[in-house]
Amino acid sequence: MGLIAKGAKCSVTGCDKDGMRSLTASKVEGTGVDIPRGLKKAILCKEHYKEWKKETKDDRDTEKARFSRF
C-alpha cells in the first residue's frame, strides 16, 4: 500500500487537504511550492500538483525533447 492510499495529507506548509500525488522532494524544492526541508517524498494535493505542473512545464518539455528520437 502506498502513501496516498493510506490517506497521507498534502506536504505543503499550511495545507491539510488529502494528497493526490507523491513526488521526490528534490523535484518540488526548486518551484514555488513551499514544502518543509528534509523530506524525501513530497505529497501534493490536486491544487498544489497543478501549480507544480505549471511551474515545471518548460523543464519537463526540454527533458522529453532530449530523450526523444527524431
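Residues numbered from 1 in each chain as written. Predicted model: local features only at pLDDT ≥ 70, side-chain atom pairs only at ≥ 80, totals over all residues. Heavy atoms only, no water.

Asks: Looking at this model, I keep getting lost on a positive patch on the surface. Mind explaining?
Replies: Residues R21, K46, K50, K53 and K54 make up a contiguous surface patch of positive charge. With 4 residues, helix α2 (residues 46–55) is the largest single contributor of residues to the positive patch. With respect to the element layout, K53 can be found in helix α2. K53 sits in the partly exposed class, given a relative accessible area of 38%. (Patch = residues over 30% accessible without salt bridge, like charges linked within 9 Å, V, L, I, M, F, W, Y side chains within 5 Å. Areas by Shrake-Rupley, 256 points an atom, 1.4 Å probe, with all protein chains shown as cover. Salt bridge = Lys/Arg side-chain N within 4 Å of Asp/Glu carboxyl O. Lys, Arg positive; Asp, Glu negative; His and termini not counted. Charge placed at Lys NZ, Arg CZ, Asp CG, Glu CD. Helix = DSSP H or I, 4+ residues; strand = E, 2+ residues; numbered from the N terminus. Buried < 20%, exposed > 50% of the residue type's maximum accessible area, 1.4 Å probe, protein only.)

Asks: I would appreciate a short explanation of the pattern of salt bridges in the present structure.
Replies: When charged atoms on two side chains of opposite charge get close, those side chains can pair. Considering all chains together, one arrives at 4 salt bridges under this definition. Here D61 makes a salt bridge to K57, at a shortest N to O gap of 3.5 Å. Here K57 and D61 lie together in helix α3 (residues 57–67), a separation of 4 residues that amounts to about one turn. With relative accessibility at 37%, the residue D61 sits in the partly exposed group. Between E63 and R66 there is a salt bridge, and its shortest N-O distance comes to 3.1 Å.

Asks: Sorry if this is basic, but what is going on with the environment of K6 here?
Replies: When you line up the elements, K6 lands in the segment before β1 (21–24). By relative accessible area, K6 is classed as exposed at 60%. Sequence separation between K6 and L44 is 38 residues, and the spatial gap between their C-alpha atoms is 14 Å.

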